[in-house]
Amino acid sequence: MQFKRLLSLSFFAVFCFFTQSLLAQNKVITGKVTDSKDGTTLIGVAVKVGPTGGGLTDTNGDYSVSVPAGVTSLVFSYTGYSPQTVAINGRSVINVKLSADTRTLNEVVVVGYGTQRVKDATGSVASLGSRDFNKGLIATPDQLLAGRIAGVTVTPSSGEPGSGASINIRGTGSIRAGNDPLYVIDGVPISNDSYSGSSPTMVAGSSSPRNPLEFINPADIENISILKDASASAIYGSRGANGVVLITTRKGRKGQGIQFSENTTFASTASRYKLLDGPTFLKAVAATGANADAINKGANVNYQDQIFRSSVSQNATLGFGGAKDKFTYRASFSYDDQQGVVKTSGLKRLTGRINASQYLFKDVVKLDLNYLQSNVKDQFAPITNNAGFTGSLIGATLGLNPTYPIKNADGTYFFDGTALNPVAMLNLTDDRDNVNRSLANIAATIKITKDLSYRGTFGNDYALSKRTTFYDPLIPGYTSGGNIRGQSTPSISGIGQASLQQVKLTNQIVEHTLTYDKKWSDNSQLTVLGGYSYQVFKNFGFNDVRFQTSTPNVLVKNLNDFKTRFPIFGDSTKSELQSYYGRIFYSYKDKYLVTATVRTDGSSKFGVNHKYATFPALAVKWKIMNEDFAPKGIFDDLGLRLNYGKTGNQEFPAYQSLSVFQSQLGGGSNQLYAPNPDLKWETTTQYGAGIDFAILKGRVTGTVDYFNKSTKDLLFLNVFAQPAPAPSQWINLPGNVINKGLEFGLNISAVQGPKFNWDINYNMTFLKNTVENFASRVVITGAISGQGLSGAYSQVIQNGYPLFTFKVSQYDGLDEQGFAKYPNGIDGQTLQGSALPKFTASLTNNFSYGPWSLSVFVNAVTGFYVYDNTANAYFYRGSLLTGHNVTSDVAFTNENVLNSGQVSTRWLEKGDFVRISNATLGYTVALKNGKAIKSLRFVLSGQNLALFTAYKGLDPEINVNKDINSVPSRGIDYTGYPKARTITFGINAGF
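Since the model is a prediction, treat every value here as computed from it, not as a measurement. (Residues numbered from 1 in each chain as written. Predicted model: local features only at pLDDT ≥ 70, side-chain atom pairs only at ≥ 80, totals over all residues. Heavy atoms only, no water.)

Enquirer: Could you clarify how one ought to interpret the overall build of the chain in this entry?
Expert: Counting secondary structure elements, the chain contains 11 helices and 52 strands. Taking 991 residues into account, the globule formula puts the C-alpha radius of gyration at 30 Å, and the chain, at 31 Å, falls close to it. Taken across its 991 residues, the chain has 55% of its residues classed as buried. The contacts of the chain with a sequence gap of at least 6 include a subset with a gap of at least 24, amounting to 70%. About 40900 Å² of surface is accessible on the chain, with carbon and sulfur atoms providing 57% of the total. Computed over 92 positive and 70 negative side-chain charges, the inter-centroid distance for the chain is 7 Å. (Helix = DSSP H or I, 4+ residues; strand = E, 2+ residues; numbered from the N terminus. Rg over C-alpha atoms; globule rule 2.2 N^0.38 Å. Buried < 20%, exposed > 50% of the residue type's maximum accessible area, 1.4 Å probe, protein only. Contact = heavy atoms within 4.5 Å. Areas by Shrake-Rupley, 256 points an atom, 1.4 Å probe, with all protein chains shown as cover. Lys, Arg positive; Asp, Glu negative; His and termini not counted. Charge placed at Lys NZ, Arg CZ, Asp CG, Glu CD.)

This is how it looks when you write it as structure tokens:
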């Protein structure tokens, strides 16, 4: 025993001797690693020392490594950044600034059912990280990428917080089915169905649906990938016809720690209408020959000031995460309180998220959990799309006589018997939505062999919306009743109304995939994926409408306080989607790459003869720079891509191939749709080519893409002339919608210095949309509202022209008597331009100097038209004759007051614009080691800072829904919620 103890002590002494000798030869080097663009500290940067040594930066971006003698440099690497080798040169403190890899050739991006290096992508895939997102007051994730990606247009329906937006990837291909892309959040494809209703009595028109992504905290998003062409999106088959948006939320990593951010935003209307004040209005009325004294009520009210406000919004997010013993996690909590620039409107959102992963059984099994729970409370101002000439809130504000007082002497709201009082509308209407939504994704990955793995996924998306609307009995002007499913409703004024609309959406998906991934020493690779998916969608809604408050003229915001109750009514739907899919990716010596995809989908929505359809795709890429003959003196990277594929569209309501009846409240039922057993898939065929390149040692990189999309078997709701057994039937229209264009993206690292850096990002898209093989059919849409304009429309879908082409009478100014001149006659409609833009572009300049950073984002859209229905309805001189206000530019013209507001090119304008969309100034505070606060950054951001356009309305980037027979419209401006100009102050801290 003594001998063994002595031997152990001897070995220990020898060990200590050699260790001390080694330490004497080693040198400890410390430092900090930051982002060269904005100075933020980078957590988890790999610091490599020699062939085996190194470490990672901590939550403060600090590192400490032991460097053996003979090692002369350190290598710093981080995902999404260019690796950097730094010579030691005898230093013991080395601070490093990493620059984003403008080529991002080695960056791993999310694609369908997996990830892939950008340089290996055979299809057209665009990716945005959190550094590239739009900054400021962001209500929904689509606002993060607006204008940032070539071929992707985001057109908001209005400036209301949480409002919907039209997102089109490489054009608009469908006439009646959905044109929005598929959203996949952490692997769960969600439904685009609206979960928020509108007033069932429609006393002031219907409102636009809410944004389907409203429940997500944008601060939780780490990456957004866009699958643009068919070869990239075909793996999603029937749901990928309009492109795919893959949203990946933040995951945990080693040393992540605690992050906190808080933003305060000040907002006001970016522009307002130039309405007449009281005295000027009376002069203008007198100039028409009318008796101004008869309509003068003695006040001088700017009613825009009464409904608009300077708002203050706040957002706070707390996140924490880490990694230990093969377990990674990240949790976050956020609270948003976004006030709209229209009084009483806003959005409050509370979200909680946890993402976790655990490796088990020596990394054979990996378990993943992504869970989000959110509560969104919307408060709506009474702004709608189709209230008619009496107007919803904005319309009532624009046309109201400014000499009208807000209230009478007795304190009641003033009402002249016809014109709605906008202040009364705001204060005596209470319209709120409360939405609870959960999104969960549980997955298990089993490594069967070294190259073969299985993954099983279960996803559940659940939303419950309750929208309550109360109209005070004291509200004046709502003197006409309505109709609910064959039963008349009384007028609201004098008795009041309450309604509850409840919508419950469930979306469940089960997926099984097998992936074989084999790599060879010659840089060849084979990846084979096969899978099965089953998804079911359920939508259940009901409405509870009540009238007559228990106490006359006293509103209690409780449904049980109303005496008269209509029978509860509602609708429910269910649809199922079953899919089989496979993909093969092969790379031969990292020179020739091919991806082949096929997916077969079966949907319960289609007729019995066409439930299933198959969607194939093929893409190839040639990495020219990996050839011996490549022009390496000119290019650093050069690749050619070709692609072809088909995708399908089934984004239309369930049961439409069947005979559908709807129960009426008074008994009996009405047939809504005639059956169509031959209703089949709408199919989009797309082909294209692309070039990827890099020059000047990778400081200039770019892509050029050509695409051609053709959509056929167009899904369409055909409305029959009455009388008929059923009012409508879903059919497949003959014809094609063609979208073809050119995309160009360029990234330039203009200056790379020790302190100052300048990066430039530019993209642009040329797009041509045409309807072909449509025969003589003409589909009308684009309803125009206004006095005497019942049944008026402004747009057609017609062979040889783009979708949403305006067809209106040609206006040629005023004649000597002040009447409009129409060269082709007042009813001689002619085809004009389309609401779809032909060209979009964006330019981002990123500057950094020491701890300071500045980013300026400018975007432009040209080649499209906007119909100013607001001006058509309210702003012509004849409105003065009836005692309605107008703008200053029409008040004293020579227009005859008897001239009508005919739908014509008088109100049709080019919408071309350039916008300074976003500017962000940041400062990163230098902190000493050991402090509780590991990182600290202050940010000042502005949105919608300047708009340059010849359009006379408030903003040409608007899309109020003015559909006819459910055929959507585009580019019509009608009393929409105005856009805001915002300034945001933010703080980001790490602990």
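Enquirer: Sorry if this is basic, but what is going on with a positive patch on the surface here?
Expert: A cluster of like positive charges, contributed by K740, K768, K838 and K910, occupies part of the molecular surface. Among the secondary structure elements, K910 is positioned in strand β48 (residues 908-910). Residue K910 is classed as exposed on the basis of its relative accessible area, which comes to 53%. (Patch = residues over 30% accessible without salt bridge, like charges linked within 9 Å, V, L, I, M, F, W, Y side chains within 5 Å. Salt bridge = Lys/Arg side-chain N within 4 Å of Asp/Glu carboxyl O.)

Enquirer: Before we go on, may I ask you to explain helix α4 (residues 278-287) in this structure?
Expert: Two residues of an α-helix separated by three or four positions point the same way, owing to the 3.6 residues in each turn. Among all positions of α4, only G278, F281, L282, A284 and V285 are buried. Take α4 and look down its axis: the buried residues cluster within an arc of 160°, on one side only. Where α4 is buried, its residues meet α5 (292-295), α10 (878-881) and α11 (888-891). The first or second residue beyond α4 is G289, which carries a positive phi of 95°. (Arc of directions from axis to C-beta.)

Enquirer: Hey, could you run me through the sheet that holds strand β47 (residues 865-868) in this one?
Expert: Overall, mixed pairing links the 3 strands, which are arranged β48-β47-β51 in an open sheet. Two strands bound the open sheet, and with one partner strand each, they are β48 and β51 (972-973). As paired elements, β47 and β51 share 2 bridges and run parallel to each other. Across the sheet, Y867 pairs through a bridge with I972, a residue of β51. (Pairing = 2+ DSSP bridges.)

Enquirer: So what exactly am I meant to see when it comes to the nonpolar core here?
Expert: Within soluble globular proteins, side chains that are nonpolar tend to cluster in buried spots. Residues I175, L393, F774, I797, L803 and Y867 are the most contacted members of the largest nonpolar core, which totals 62 residues. For this core, the elements supplying multiple residues, two or more each, are α6 (303-307), α7 (393-399), α8 (422-427), β37 (714-719), β38 (728-733), β43 (805-809) and α9 (869-874). Excluding anything up to four places from it in sequence, L393 contacts I307, V342, A381, P382, I383, P422, M425 and L426. Within the second largest apolar cluster, 29 residues are counted, among which are V188, F215, I216 and I224. (Core = buried A, V, L, I, M, F, W, Y, C linked by side-chain atoms within 4.5 Å.)

Enquirer: Would you mind showing me how to read the sheet that holds strand β6 (residues 84-87) here?
Expert: Working definition: the strands of a sheet are paired by backbone hydrogen bonds and lie parallel or antiparallel to each other. Read across the open sheet, the 4 strands follow the order β3-β2-β5-β6; overall the sheet is antiparallel. With partners counted over all chains shown, the strands left at the sheet margins are β3 (53-56) and β6, one partner each. For this sheet, the mean angle separating the axes of adjacent strands, direction not counted, is 20°. In the sheet, strand β2 (residues 46-49) pairs with strand β5 (residues 73-77) via 3 bridges, with the strands oriented antiparallel. The partner of A46 across the bridge, within β5, is S77. (Axes fitted to C-alpha atoms, helices over the stretch in contact; angles between N-to-C directions.)

Enquirer: I'm lost on unusual backbone geometry in this one. Help?
Expert: Most peptide bonds take the trans form, and the phi angle of most residues other than glycine is negative. The backbone phi angle of N523 is positive, close to 70°, even though this residue is not glycine. Relative to the elements of secondary structure, N523 occurs in the loop between β26 (497-519) and β27 (525-549). Even without being a glycine, D590 presents a positive backbone phi close to 55°. Of note, D590 is situated in the loop between β29 (572-588) and β30 (592-603).

Enquirer: I would appreciate a short explanation of the pattern of salt bridges in the present structure.
Expert: Pairing between side chains becomes possible if they bear opposite charge and their charged atoms approach one another. Overall, the coordinates contain 32 salt bridges when judged by the stated rule. Across the salt bridge formed by R565 and D544, the nearest N and O atoms sit 3.2 Å from each other. With R565 in strand β28 (residues 562-565) and D544 in strand β27, this pair connects stretches of sequence that are 21 residues apart. Of the residues examined, R565 reaches a relative accessible area of 46% and is grouped as partly exposed.

Enquirer: Just to check I follow, could you spell out the packing of aromatic side chains for this structure?
Expert: How two aromatic rings sit relative to each other is set out by the distance from centre to centre and by the angle between their planes. Under the defined criterion, the tally for this structure stands at 24 aromatic pairs. Taken together, a centroid distance of 6.2 Å and an interplanar angle of 15° make the contact between Y588 and Y592 stacked. These aromatic residues form a ring-pair network of at least three members: F606, F615, F652, W681 and W730. (Phe/Tyr/Trp six-rings, centres within 6.5 Å; stacked < 30°, edge-to-face > 60°.)

Enquirer: Mind showing me how you'd approach the confidence of the model for the chain here?
Expert: Detailed reading of the predicted coordinates is not advisable wherever pLDDT is low. Averaged over all residues, the pLDDT of the chain is 87; the fraction at 70 or higher stands at 92%. Within the chain, the lowest mean pLDDT, 41, falls on helix α1 (residues 2-25), and the highest, 97, falls on β47. Below a pLDDT of 50 lies the segment residues 1-24, which in the model reaches 0 contacts outside its immediate sequence neighbourhood of four places, other chains included. Scored below 50 in pLDDT, residues 102-106 makes 14 contacts in the model with residues more than four places away or belonging to other chains. (pLDDT = per-residue confidence, 0-100.)

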